[in-house]
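# Close look at the chain arrangement
Spelled out from the first residue to the last, the chains are:
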Amino acid sequence: MLLAACSAEQDRGGDRSVAVVAEPVRLLPDEDIVEAVGTARAVRSAQIYPEVSGRIAAVRFSPGAFVRQGAVLVELDARAERLALKLAEVRVAEAEQLLARYRRIEDTGALSDSQIEAGETALAAAQIERDQAALALSERTIRAPFAGHVSFSDLDPGDRVTPTTLIAQIDQRARLYVDFNAPEAVFRRLRPGQSVEVVAFSDPDRAIPTTIEAVDSTIELEQRSYRARAAIDNSADTFRPGMSFAVRFADSGQLRPAVPEAAVMWTGDGSSVFAVKDGKAVRVPVTIASRRDGLALLEAKIAKGTQVVVKGVQKLREGQSVTLVRPTVREPAKVEVAPS
């Protein structure tokens, strides 16, 4: 009789409702972190070549220095060009004087219209020759096309250069582009304006948030990837064109049920959660697809809003009656600070 009474008591205890804390399932997009390697380039960059051949008379820049737009970089020997310009200016003055004399006696009938037209043509030709001489002289001076930093150069006064001789490279690097190849799989989701994070290999502890500036319109056949471009501020002149950067961005995938990690339990049959249906605990097998901020994103057939037990999981068994309670919220402790 005593054994029967104990058995009955155990049976009643097994059906007793267990107090648990449950939360509704949320649907969150699964996120894969995609990483790529990018290379920095200046927003504006130009390789400077001379327009004409000649001997270098002076080098006016220091390697690595910042120069303003229009600053003189190199001067070529221009003695012949200066003389040619002076001669052209003299011819212009002569043509102007001749035409002025023609104008003074134009009304007397001493000159024909064709003579006056010849004088005007001679003046126009002389002015064109002067402009050509001025252009030839200006080409002997090589200037910076825009403000920026100039590269190293091996040129010295006395060297002879041709139009194929590289004078220097100039970079406007206050802002840098970071170009990288993204996989074809994310082509639809990586768009201008999307947030990404870049990290310089030279400074791995510093992540720089930025956005996508542009996306290429074609896919490279061999690598099955396409080029994208981000931009970073470099007003502190910390980075240089040509540096390598790691580019990271979150690729949002399909919506998945999300529950606190504490809701997932592990047994010999694998991982599962307890859903609450009609006041009963129902075991649902799950697979964790990813984790994010204390949440487990699941591969499972669980509808949005389904109540899932997050506290009291260890006390449950399949079909156990449950009572939902609210989690205890402790009042903040009052701290009195003694006057110093």
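Keep in mind that this is a model prediction, so the values were computed, not measured. (Residues numbered from 1 in each chain as written. Predicted model: local features only at pLDDT ≥ 70, side-chain atom pairs only at ≥ 80, totals over all residues. Heavy atoms only, no water.)

### So, the overall build of the protein
Keep this limit in mind: Strands here mean DSSP runs of E at least two residues long; helices mean DSSP runs of H or I at least four residues long; both are numbered from the N terminus. Exposed residues in this analysis have more than 50% of their type's maximum accessible area, buried residues have under 20%, and partly exposed residues fall in between, with area computed by a 1.4 Å probe over protein chains only. The contact criterion used throughout is that any non-hydrogen atoms of two residues lie within 4.5 Å. Accessible areas in this description were obtained via Shrake-Rupley with a 1.4 Å probe; residue shielding takes into account the shown protein chains only.
Summing up its helical and strand segments, the protein has three helices and 20 strands in all. Out of the 340 residues belonging to the protein, those deemed buried represent 34%. Counted over contacts in the protein with a minimum sequence separation of 6, partners at least 24 positions apart contribute 76%. Of the roughly 21300 Å² that the protein leaves accessible, carbon and sulfur atoms contribute 50%.

### Here's the deal with the sheet that holds strand β3 (residues 54-59)
Note the threshold: When DSSP finds two or more bridges between a pair of strands, those strands are recorded as paired.
With antiparallel pairing, the four strands of this open sheet are ordered in space as β6-β5-β3-β8. The open sheet has two edge strands, β6 (141-143) and β8 (160-161), and neither has a second partner. As judged from the two bridges shared by β3 and β8, these two strands associate in the antiparallel manner. Paired with Arg55 across the strands is Arg160, a residue of β8.

### Remarks on the confidence of the model for the protein
To keep things clear, this is the line we draw: Per-residue confidence from the predictor is given as pLDDT, running between 0 and 100.
Across the protein, the average pLDDT comes to 87, with 90% of residues at 70 or higher. The element-level mean pLDDT for the protein is lowest in helix α1 (residues 2-14), coming to 45, with strand β5 (residues 72-76) highest at 97. Long-range and interchain partners of residues 1-13, a stretch whose pLDDT sits below 50, account for zero contacts in this model, where long-range means more than four residues apart.

### Side note on the packing of aromatic side chains
As a reminder of what qualifies: Two rings belonging to Phe, Tyr or Trp (six-membered ring only in the last case) form a pair when the distance between their centres is within 6.5 Å. Interplanar angles under 30 degrees mark stacking, angles over 60 mark edge-to-face geometry, and anything in between is tilted.
Under the defined criterion, the tally for this structure stands at two aromatic pairs. Plain terms: the ring middles of Phe180 and Phe249 are 6.4 Å apart, the flat faces sit at 40° to each other, and that makes the pair tilted. One end of the pair, Phe180, is in strand β9 (residues 168-183); the other, Phe249, is in strand β13 (residues 244-260), with 69 residues separating them in the sequence. Pair check on accessibility: Phe180 and Phe249 agree, each one buried.

### Comments concerning the environment of Ile56
Examined against the element boundaries, Ile56 turns out to sit in strand β3. When its relative accessible area of 0% is taken as the criterion, Ile56 is described as buried. Each C-alpha atom, one on Ile56 and one on Val161, is 7.3 Å from the other, the two residues being 105 residues apart in sequence. Setting aside residues up to four positions removed in sequence, Ile56 forms contacts with Val74, Glu75, Leu76, Leu155, Asp156, Pro157, Gly158, Asp159 and Val161.

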